[in-house]
Amino acid sequence: MKTEREGVKNGGVEEEEERELKRKRVMERSPPLDELEDDEDDAFKGRGKHSRHIEVRRDCPYLDTVNRQVLDFDFERFCSVSLSNLNVYACLVCGKYFQGRSQKSHAYTHSLEAGHHVYINLLTEKVYCLPDSYEINDPSLDDIRHVLNPRFSRAQVEELDRNKQWSRALDGSDYLPGMVGLNNIQKTEFVNVTIQSLMRVTPLRNFFLIPENYQHCKSPLVHRFGDLTRKIWHARNFKGQVSPHEFLQAVMKASKKRFRIGQQSDPVEFMSWLLNTLHMDLRTSKDASSIIHQCFQGELEVVREYQGNENKEISRMPFLMLGLDLPPPPLFKDVMEKNIIPQVALFDLLKKFDGETVTEVVRPKLARMRYRVTKSPPYLMFHMVRFKKNNFFKEKNPTLVNFPVKDMELRDYIPSLPSALEGEKVSSKYNLIANIVHDGKPEDGYFRVFVQRKSQELWYEMQDLHVAETLPQMVELSEAYMQIYELQEE
């Protein structure tokens, strides 16, 4: 079901930029706050010159006009008339956003012109009846508040991976909390597959489900990512899908439009940028850790040997993702005149990090490199280097990677991993939890992702709004591009 705002949203990048410029001009000439608001909402207490006591009632005669089918809180919280984000209310009858509720406000005018009388403040969650200007305190509106701002207790968070219960949307469709589709706003599937993959990382998800964990952070990107996480895992949504529109706006601003609506990007580049940006925004000091590094950071020992120099340079460096080089595809065709689809085992690709295999690099200067994993993280990310660019075109390597879905013993792949101390139990077995794949040609292909539902160990294929159960064998037959493995608990 598309709303009026979603139609505007799909208009393209030019309309987004035009709206942003218009919004800035409107904000510069916005009327004083006391002309837009005269109540005593918590966020604006003491600012208005005409503050007065607000009557609270439970017997509002207009509650039966509330239409939950049109309510959609996934979009930017700006007034549909003034484009201001100050003191915005949602009309619970038509779903549109309006600013203020005083007699000079857009919400007040809308209540008189359209005959829509019930409004909710998007910040304080208080509900008012206009033009009578009294507050409505009725438990029947609690479900709307939960959709506007999903809440989780710590006990509920701990039970998420054991939950097997389906939820039902207002249109009668069933959905699984955590397995909901994401709207493709315009060429944004690279964002959708990244988000769906990160939602399988349990400590990261649990951290962002509780806003108190990052209330010290002032980054809009952090808070929009937390909002999106809570909406994806909420069991009382009005619809079985979520739009990442607010999150995308925060991404565009934080990345200075490096990643933007209407322009296809690479999930690996976006994943690297997102994790590093979230880490820098979450840390409380320069050397402090964060939930990002606690989940994904490992350590490599790098040995460099330069030509004509017998000395070796040995250094340690952290990593969030390991890049795996695919062998070049064959240049010739077989007897049947069909392209050979080459295959390679993950075991062979990981030899790059055994501390013995030599990798030659030419930048910044010619050198022989040896890599050894000295610390493996709880969540291990692999990136298969499939795409290469030259001066003329972008080329894709179609090689299939044969990988285990369950019980990958990393020590078999990388024997140089440090051994556990005597009496210490350290697991080095990993299970696959997310697999991003690329289908089609390099320029006009598309991304999708396979993710695991832990409560029943089932696999699902997800591509934007499409969510369907699939077999584990189908996960192995795809052109893997980025994978996340989870360390087994002893």
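Residues numbered from 1 in each chain as written. Predicted model: local features only at pLDDT ≥ 70, side-chain atom pairs only at ≥ 80, totals over all residues. Heavy atoms only, no water.

A.B. asks: Please clarify how the overall build of the chain should be interpreted in this entry.
C.D. replies: Scanning the chain from N- to C-terminus turns up 15 helices and 26 strands. Sorting the 490 residues of the chain into buried and exposed places 51% on the buried side. If you take every contact in the chain between residues at least 6 apart in sequence, the share linking residues at least 24 apart comes to 65%. When the accessible surface of the chain is totalled, it reaches about 24,900 Å², and 49% of it is carbon and sulfur. (Helix = DSSP H or I, 4+ residues; strand = E, 2+ residues; numbered from the N terminus. Buried < 20%, exposed > 50% of the residue type's maximum accessible area, 1.4 Å probe, protein only. Contact = heavy atoms within 4.5 Å. Areas by Shrake-Rupley, 256 points an atom, 1.4 Å probe, with all protein chains shown as cover.)

A.B. asks: Sorry if this is basic, but what is going on with the side chain of N431 here?
C.D. replies: Looking at the element boundaries, N431 is found in strand β22 (residues 429-439). Looking at N431, the relative accessible area reads 17%, which means it is buried. Side-chain polar atoms of N431 contact the backbone nitrogen of D407, separated by 2.8 Å. Within the local environment of N431, its side chain forms a polar contact with the side chain of Q488, the two groups lying 2.9 Å apart. (Polar contact = N/O pair within 3.5 Å; in protein donor to acceptor, adjacent residues only side chain to side chain.)

A.B. asks: Explain the pattern of salt bridges here, please?
C.D. replies: Oppositely charged side chains can pair when the atoms bearing their charge come close. Per the counting criterion, the structure on display carries 28 salt bridges. Here K312 and E305 are joined by a salt bridge, their closest N and O atoms 3.7 Å apart. A salt bridge links K396 to E479; the shortest N-O distance between them is 2.6 Å. Of this pair, K396 sits in strand β19 (residues 394-396) while E479 sits in the loop between α15 (472-476) and β26 (480-487), placing them 83 residues apart in sequence. For the pair shown, K396 and E479 are each scored as buried. (Salt bridge = Lys/Arg side-chain N within 4 Å of Asp/Glu carboxyl O.)

A.B. asks: Looking at this structure, how should I read the nonpolar core?
C.D. replies: The nonpolar side chains of soluble globular proteins are, as a tendency, buried together. In this structure, F247 and F296 are the most contacted members of the largest nonpolar core, which totals 66 residues. Sorting elements by how many residues they give to this core places helix α11 (residues 267-282) first, with eight residues. Among the nonpolar cores identified, the runner-up in size contains 35 residues, and L300, Y371, L410 and F450 belong to it. (Core = buried A, V, L, I, M, F, W, Y, C linked by side-chain atoms within 4.5 Å.)

A.B. asks: Teacher, can you tell me more about the packing of helix α9 (residues 220-232) against helix α10 (residues 245-254) here?
C.D. replies: Think of two packed helices as two axes; the pair is described by the angle between the axes and how far apart they sit. Axis separation between α9 and α10 bottoms out at 9 Å; the angle between their running directions is 155 degrees. Between α9 and α10, the angle falls in the class roughly antiparallel. Crossing geometry of α9 relative to α10 is assigned as left-handed. Taking contact as the criterion, the partners of P220, L221, R224, F225, L228 and K231 in α9 are, on α10, E246, F247, A250, V251 and A254. Residues that form the contact of α9 with α10 fall into these classes: eight nonpolar, no polar and three charged. (Axes fitted to C-alpha atoms, helices over the stretch in contact; angles between N-to-C directions. Parallel < 35°, antiparallel > 145°, perpendicular 65-115°, else oblique. Left-handed = near helix turned anticlockwise from the far one by under 90°. Nonpolar A, V, L, I, M, F, W, Y, C, P; charged D, E, K, R; others polar.)

A.B. asks: Would you take a moment to explain the sheet that holds strand β2 (residues 88-91) for this structure?
C.D. replies: Two modes of strand pairing occur in sheets, parallel and antiparallel, and in both the strands are linked by backbone hydrogen bonds. Strand order across the open sheet formed by six strands is β1-β6-β5-β4-β2-β3, with mixed pairing between neighbours. Of all the strands in the sheet, just β1 (56-57) and β3 (97-99) have a single pairing partner and so form its edges. Strand contacts of helix α4 (residues 106-114): β2, β3 and β4 (118-121), with the helix running at about 120 degrees to β3, the strand carrying the most contacts. (Pairing = 2+ DSSP bridges.)

A.B. asks: I'm lost on the packing of aromatic side chains in this one. Help?
C.D. replies: In this description, an aromatic ring pair is defined by two values, namely the gap between the centres and the angle between the planes. Under the criterion given, the structure shown has 17 aromatic pairs. For the pair F208 and F225, a centre-to-centre distance of 4.8 Å together with 80 degrees between the ring planes defines the contact as edge-to-face. Of this pair, F208 sits in helix α8 (residues 202-209) while F225 sits in helix α9, placing them 17 residues apart in sequence. Here the two residues F208 and F225 agree in accessibility, since each one is buried. Ring centres of F387 and Y481 lie 5.3 Å apart, and the angle between their planes is 75 degrees; this geometry places the pair in the edge-to-face category. (Phe/Tyr/Trp six-rings, centres within 6.5 Å; stacked < 30°, edge-to-face > 60°.)

A.B. asks: Is there a simple way to explain the side chain of N121 in this structure?
C.D. replies: Summarising the element assignment, N121 is placed in strand β4. Overall, N121 belongs to the buried group, its relative accessible area being 1%. Among the polar contacts listed, one links the side chain of N121 to the side chain of Y89, at a separation of 3.3 Å. Here the side chain of N121 touches T124 through a polar contact of 3.0 Å, landing on its backbone nitrogen.

A.B. asks: Looking at this model, I keep getting lost on the packing of α9 against α11. Mind explaining?
C.D. replies: Running from amino to carboxyl end, α9 crosses α11 at an angle of 115 degrees, the nearest separation of the two axes being 9 Å. By the angle between their axes, α9 is roughly perpendicular relative to α11. For α9 against α11, the interelement crossing comes out left-handed. When α9 is examined against α11, the residues L221, V222 and F225 are found in contact with a partner set consisting of W273, L274, T277, L278, D281 and L282.

A.B. asks: Any chance you could explain the sheet that holds strand β16 (residues 367-375) here in plain terms?
C.D. replies: An order of β12-β11-β16-β15 is seen for the four strands of this open sheet, with the pairing classed as antiparallel. Strands with a single pairing partner mark the edges of an open sheet, and in this sheet they are β12 (312-319) and β15 (359-361). Here the strands of the sheet are splayed against their neighbours by 35 degrees on average, with no regard to which way each runs. Alignment of strand β11 (residues 298-306) against β12, held across eight bridges, turns out to be antiparallel. Opposite G298, over in β12, you have F319 as the bridge partner.

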